[in-house]
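Descriptive structure summary
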Amino acid sequence: MEAGRSAATGDARTKAALETAGGPRAPKLAGAPHEGRSIVAVDGLVKRYGEVLALDHFNLRIEPGEVFGLLGPNGSGKTTAINCMLQLLTFDKGTIELFGEPMRPSRYDLKRRIGVVPQNVAVFEELTVRENIDYFCALYVSDRARRRDLVDEAVAFAGLEGYERFRPRKLSGGLLRRLNIACGIAHKPELVFFDEPTVAVDPQSRNAILEGIRQMNRAGSTVVYTSHYMEEVEEICTRLMIMDRGRALATGTNAELKAMVDAGEKIQVDVPEFPDAALERLRALPHVRRALYRDGVLELACANGTHNLGDVLAVLQAFGAAFGRVWAEPPTLNDVFLEITGTELRD
Ligand SMILES: Nc1ncnc2c1ncn2[C@@H]1O[C@H](COP(=O)(O)OP(=O)(O)OP(=O)(O)O)[C@@H](O)[C@H]1O
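Residues numbered from 1 in each chain as written. Predicted model: local features only at pLDDT ≥ 70, side-chain atom pairs only at ≥ 80, totals over all residues.

1. Points about the environment of E273
For clarity, the cut-off: Only DSSP runs of H or I covering at least 4 residues are called helices, and only runs of E covering at least 2 are called strands; the numbering of each starts at the N terminus. Neighbour density around each residue's C-beta defines its exposure: 20 or more other C-beta atoms within 10 Å make it buried, 12 or fewer make it exposed, and counts between make it partly exposed, where C-beta atoms are placed from the backbone.
You can see E273 is positioned in the loop between β11 (265-270) and α10 (276-284). For E273, a count of 12 C-beta atoms within 10 Å translates into the label exposed. The spatial distance from the C-alpha of E273 to the C-alpha of E211 is 47 Å, given a sequence separation of 62 residues.

Here is the structure:
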């Protein structure tokens, strides 16, 4: 699902935010305890939309301080999982605890500690950038002076200085996305859900968004980040889950996931001429799993290691084989996904 300018309405977010904040007059509550407990704990979650099984006994644990990635192709259940956790959707089975407490639609004390950046841009067209941020911040923070500071900080955080008096329709797609983020995080939540925040944004805005998320995390927020872009998840997430068809397929750090499967480093070398004996020597290297030579290209699949390329080039040199372009690719999360599901993660 792609966010678009046509989706720029504050109504959806207001509903979510009011639900989340419990309204402007919701009581200010002291932080509930969650020391020593997962900040997110989901067990056996089942969600059906009629015939469609969107979440199939889904389990999840996220610890305080993590940038946790939910990575899966379109339709794998990422948004459904988030919306269930936020109690914006009812579900058929399972339990959800946030901050160590059972999450319920009426738990405004928990909802106030959460920020949500929804997949579809949801801001008010008739309000300026600053008014939009202030509006959403006011759902959580009633003190005007405090709010002024928070809005200033959110404007700076999202790189929206100079645009504060603009209405959303005057903003580029990337700036609109940044406004969407500023509206979701101005109240400085402890736990923030970002649902595919970089879909359809330019590279500059994308980098600003990812850097902003890192900063929030350094300042103490736990982040849940959904994406179908594996490069982004690899870049910013401390741990991640690969999802498909409503199920958690694998969870771990980048390195742990790659170590779980047989995916190794791929090496290709352009070699105009290559003797069979050299190919045999390559195949005898302990970390080389497969070596093929065809159409002037040497293709190797190696176990993960640090000296793969050096060892391969040393064999080429020993046989006096002249070589051209050299290309090496470490294993990617796509390889992990491919190995588990038999299909590509990329759309
Ligand atoms: N309101 C709905 N009614 C019926 N089916 C739905 C609805 N929302 C989602 N689904 C279905 O539930 C499954 C999970 O969808 P969901 O949007 O949670 O996936 P996603 O991983 O967030 O995908 P995307 O990246 O496209 O947003 C899909 O098969 C989707 O078609």
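The rest of the description comes next.
2. A look at the pairing of strand β6 (residues 114-117)
On a regular strand, one side chain projects to one face of the sheet and the next to the other, so that they alternate. Heads up, the condition is: Any two strands are treated as partners once DSSP identifies two or more bridges connecting them.
On β6, burial covers both faces: I114 and V116 on one face and G115 and V117 on the other are all buried. Pairing between β6 and strand β7 (residues 191-195): four bridges, direction parallel. Considered in β7, the bridge of V116 is made with F193.

3. Considerations on unusual backbone geometry
Unusually for a residue other than glycine, F99 sits at a positive phi of about 55°. In this structure, F99 sits in the loop between β4 (93-98) and β5 (101-102). Residue classification places F99 among the buried residues on the basis of 24 C-beta atoms within 10 Å. In the Ramachandran plot, E196 falls in the positive-phi region, its phi being about 45° despite a non-glycine side chain. Among the secondary structure elements, E196 is positioned in the loop between β7 and α7 (203-218). On the neighbour-count criterion, E196 (23 C-beta atoms within 10 Å) is buried.

4. Regarding helix α2 (residues 78-85)
Most of α2 sits inside the fold, with eight of its eight residues counted as buried. For α2, every residue scored as buried is listed here: K78, T79, T80, A81, I82, N83, C84 and M85. In the stretch just after α2, Q87 is the one whose phi turns positive, near 65°.

5. Some points on the nonpolar core
Quick note on the threshold: In this usage, the nonpolar core is the set of buried Ala, Val, Leu, Ile, Met, Phe, Trp, Tyr and Cys residues whose C-beta atoms join them within 7 Å.
Among the nonpolar cores identified, the biggest contains 80 residues, and M85, I133, L179, A182 and A186 are the most heavily contacted of them. The element that contributes the greatest number of residues to this core is helix α6 (residues 173-185), accounting for seven residues. Judged by nonpolar contacts, the second largest core, of 11 residues, contains V288, L300, C302 and V312.

6. A word on the site of the ligand
For clarity, the cut-off: Here, nearness is defined through the C-beta atom: a residue counts as near a molecule or strand if that backbone-placed atom lies within 6 Å of it.
Of all residues adjacent to the ligand, which total 14 residues, the nearest are Y49, A54, N74, T79 and T80. Elements supplying a minimum of two residues to the shell around the ligand: β2 (52-62) and α2. With three residues, the single largest contributor to the shell around the ligand is α2.

7. What about the sheet that holds strand β14 (residues 326-329)?
As a reminder of what qualifies: An axis is simply a line fitted to the C-alpha atoms; with a helix, the fit covers only the stretch in contact. Between two such axes, the angle follows the N-to-C directions and lies from 0 to 180 degrees. Here, residues touch in the contact sense if the C-beta positions derived from the backbone fall within 7 Å of one another.
Pairing within the open sheet is antiparallel, and its four strands lie in the order β12-β13-β11-β14. Lying at the two open borders of the sheet, with one neighbouring strand each, are β12 (288-294) and β14. Across the sheet, the mean angle separating the axes of adjacent strands is 10° when strand polarity is ignored. Here six bridges tie β12 to strand β13 (residues 297-302), and the two strands are oriented antiparallel to one another. From the neighbouring strand, V288 faces β13, where its bridge partner is C302. In the packing of α10 onto the sheet, contacts are made with β12 and β13, and the angle to β12 comes to roughly 160°. Packed on one face of the sheet, helix α11 (residues 308-318) meets β11, β13 and β14 and runs near 30° to β11.

8. Overview of the environment of C137
As for its placement among the helices and strands, C137 is situated in helix α4 (residues 129-138). Taking the C-alpha atoms as reference, C137 lies 11 Å from D149; in sequence the two are 12 residues apart. Ignoring anything within four residues of it in the chain, the contact list for C137 reads R147, L150, V151, A186 and H187.

9. Some points on the sheet that holds β2
Pairing within the open sheet is antiparallel, and its four strands lie in the order β2-β1-β4-β5. On the outer flanks of this sheet lie β2 and β5, each paired with one strand and no other. Sheet topology note: the strand β1 (residues 40-49)/β4 ladder contains five bridges and is antiparallel. Bridge pairing links D43 to T95 in β4.

10. Some thoughts on the pairing of strand β10 (residues 247-252)
Examined bridge by bridge, strand β9 (residues 239-244) and β10 share five bridges and lie antiparallel to one another. Pairing of D244 across the sheet is with R247, part of β10. Counting the residues between successive antiparallel strands, the hairpin from β9 to β10 contains two residues, one of them, R245, with a positive phi of roughly 50°.

11. Here's the deal with the environment of P197
Its location among the elements puts P197 in the loop between β7 and α7. Separated by 80 residues in the primary sequence, P197 and V117 have C-alpha atoms spaced 7.2 Å apart. If we ignore the near neighbours within four places in the chain, the residues touching P197 are V117, R177, I181 and I209.

12. Some words on the packing of α4 against helix α5 (residues 144-157)
Selection rule: An angle below 35 degrees is treated as roughly parallel, one above 145 as roughly antiparallel, one from 65 to 115 as roughly perpendicular, and anything else as oblique. For any helix crossing, the convention is left-handed if the near helix is rotated counterclockwise from the far helix by under a right angle, and right-handed if that rotation is clockwise. Residues are grouped as follows: Ala, Val, Leu, Ile, Met, Phe, Trp, Tyr, Cys and Pro are nonpolar; Asp, Glu, Lys and Arg are charged; every other residue, Gly included, is polar.
Contact geometry of α4 with α5 gives a least axis separation of 10 Å together with a crossing angle of 125°. On the basis of the axis angle, α4 is oblique to α5. Our pair here, α4 against α5, has a crossing hand that is right-handed. Every residue of α5 that contacts α4 at R130, I133, D134, C137 and A138 is listed here: R147, L150, V151, A154 and V155. For the contact of α4 with α5, a count of residues per class yields seven nonpolar, no polar and three charged.

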